[in-house]
Amino acid sequence: SGRAVPGVDVIDLGGGSLVIPAGALEASIELELVEDGLYERDETREVRLLTTSSGALGSAVRHLLTVVEDGPAPRVSFVLPSVTLAEGSGVHDIPLVLSGPSVVPLTVQVELSGAVSPGELELLGGGLVVFAPGQLQATLRLQAGDDDLDEPEERAILRLVALAPLATDALSRSVVKLVDEDPA
């Protein structure tokens, strides 16, 4: 959870003052919540009664306001449905994209499966990809190694496993075609 910022997330429509009419036992503070189109998780703001012009403040002078995020978290997907790599070609950046902005970091796990020889493909960074706040595109680092065997094209599947609150989009899998570069 984050902190609701006055004037950005919450607007005090009373201008910072609360008037309790004579004879009344209560009054309300009017606030307007601002929809900014960003994914932010829930945010809090403390509202306090500080002074009084007449009478005395009671014991309950603080209230914690929680602004509940009602929009969906962005969705993550691969940019490309497939990539072709040569064996032994080194490190490659595989782009991932978010469907919308977030003000909090979001992490996605990528899994690798398929019929490739051991050591030919390796997910760097443990397959974790982190989108920093405001970042719409990030990259998965994939190492293409070589097994020194003459063999036909091999294929592997990269699959996005969204970590809460993130969800995957329609393009949650990407095929890696690994082309052999060894002489016959």
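The structure reproduced in this document is the subject of the present report. (Residues numbered from 1 in each chain as written. Predicted model: local features only at pLDDT ≥ 70, side-chain atom pairs only at ≥ 80, totals over all residues. Heavy atoms only, no water.)

Considerations on the overall build of the protein
- Looking only at helices and strands, one finds zero helices and 15 strands in the protein.
- The C-alpha radius of gyration of the protein comes to 26 Å, more than 25% above the 16 Å expected for a compact globule of 184 residues.
- Along the three orthogonal principal directions, the C-alpha set of the protein runs to about 95 × 25 × 20 Å.
- The buried share of the protein, taken over its 184 residues, is 29%.
- In the protein, the proportion of contacts linking residues at least 24 apart, taken out of those at least 6 apart, comes to 66%.
- For the protein, the accessible surface area stands at approximately 11,000 Å², while carbon and sulfur atoms represent 53% of it.
- In the protein, 11 positive and 29 negative side-chain charges are present, and the distance between their average locations comes to 8 Å. (Helix = DSSP H or I, 4+ residues; strand = E, 2+ residues; numbered from the N terminus. Rg over C-alpha atoms; globule rule 2.2 N^0.38 Å. Buried < 20%, exposed > 50% of the residue type's maximum accessible area, 1.4 Å probe, protein only. Contact = heavy atoms within 4.5 Å. Areas by Shrake-Rupley, 256 points an atom, 1.4 Å probe, with all protein chains shown as cover. Lys, Arg positive; Asp, Glu negative; His and termini not counted. Charge placed at Lys NZ, Arg CZ, Asp CG, Glu CD.)

Some words on the sheet that holds strand β10 (residues 121–123)
- Ordered in space as β10-β12-β8-β6-β14, the five strands form an open sheet in which the pairing is mixed. For this open sheet the edge positions go to β10 and β14 (167–168), each flanked by a neighbour on one side alone.
- In this structure, strand β8 (residues 90–98) lies alongside strand β12 (residues 137–144), joined through eight bridges in antiparallel fashion. Among the inter-strand pairings, V91 is bridged to a residue of β12, identified as Q143. (Pairing = 2+ DSSP bridges.)

Overview of the side chain of S174
- Inspection of the secondary structure puts S174 in strand β15 (residues 173–179).
- Judged by its relative accessible area of 0%, S174 falls in the buried class.
- Side-chain polar atoms of S174 contact the backbone oxygen of L80, separated by 3.0 Å.
- Sequence-distant contacts of S174, defined by excluding residues within four places in its chain, comprise F78, L80, P81, S82, V83, A156, I157 and L158. (Polar contact = N/O pair within 3.5 Å; in protein donor to acceptor, adjacent residues only side chain to side chain.)

Considerations on the pattern of salt bridges
- Tallied over the entire structure, the rule returns six salt bridges.
- Note that R62 and E46 form a salt bridge whose closest N and O atoms lie 3.0 Å from each other. Linking R62 in strand β5 (residues 62–67) with E46 in strand β4 (residues 43–48), this pair joins segments that are 16 residues apart in sequence.
- Each of E46, R48 and R62 takes part in one network of salt bridges that share partners. (Salt bridge = Lys/Arg side-chain N within 4 Å of Asp/Glu carboxyl O.)

A look at the sheet that holds strand β13 (residues 154–162)
- Taking strand neighbours across the sheet as the criterion, the five strands line up as β7-β15-β13-β9-β11 in an open arrangement whose pairing is mixed. The open sheet has two edge strands, β7 (82–86) and β11 (128–131), and neither has a second partner. Averaged over all pairs of adjacent strands, the angle between strand axes in this sheet comes to 25 degrees, irrespective of strand direction. (Axes fitted to C-alpha atoms, helices over the stretch in contact; angles between N-to-C directions.)

Section: the nonpolar core
- With 27 residues, the main nonpolar core has L96, V110 and L158 as its most contacted residues.
- By residue number, the principal contributor to this core is β12, which donates four residues.
- If sequence neighbours within four positions are ignored, L96 has contacts with V76, S77, F78, V79, V108, V110, V129, F131, L136, Q137, A138 and L160. (Core = buried A, V, L, I, M, F, W, Y, C linked by side-chain atoms within 4.5 Å.)

Structural notes on the pairing of β13
- Taken together, the eight bridges between strand β9 (residues 106–115) and β13 define a ladder with antiparallel strand orientation. For G114, the partnering residue across the bridge sits in β13 and is A156.
- Bridge count for β13 against β15 is six bridges, and the pairing is antiparallel. In the strand pairing of β15, R159 is matched with R173.

By themselves, these observations are geometric and do not establish any function.
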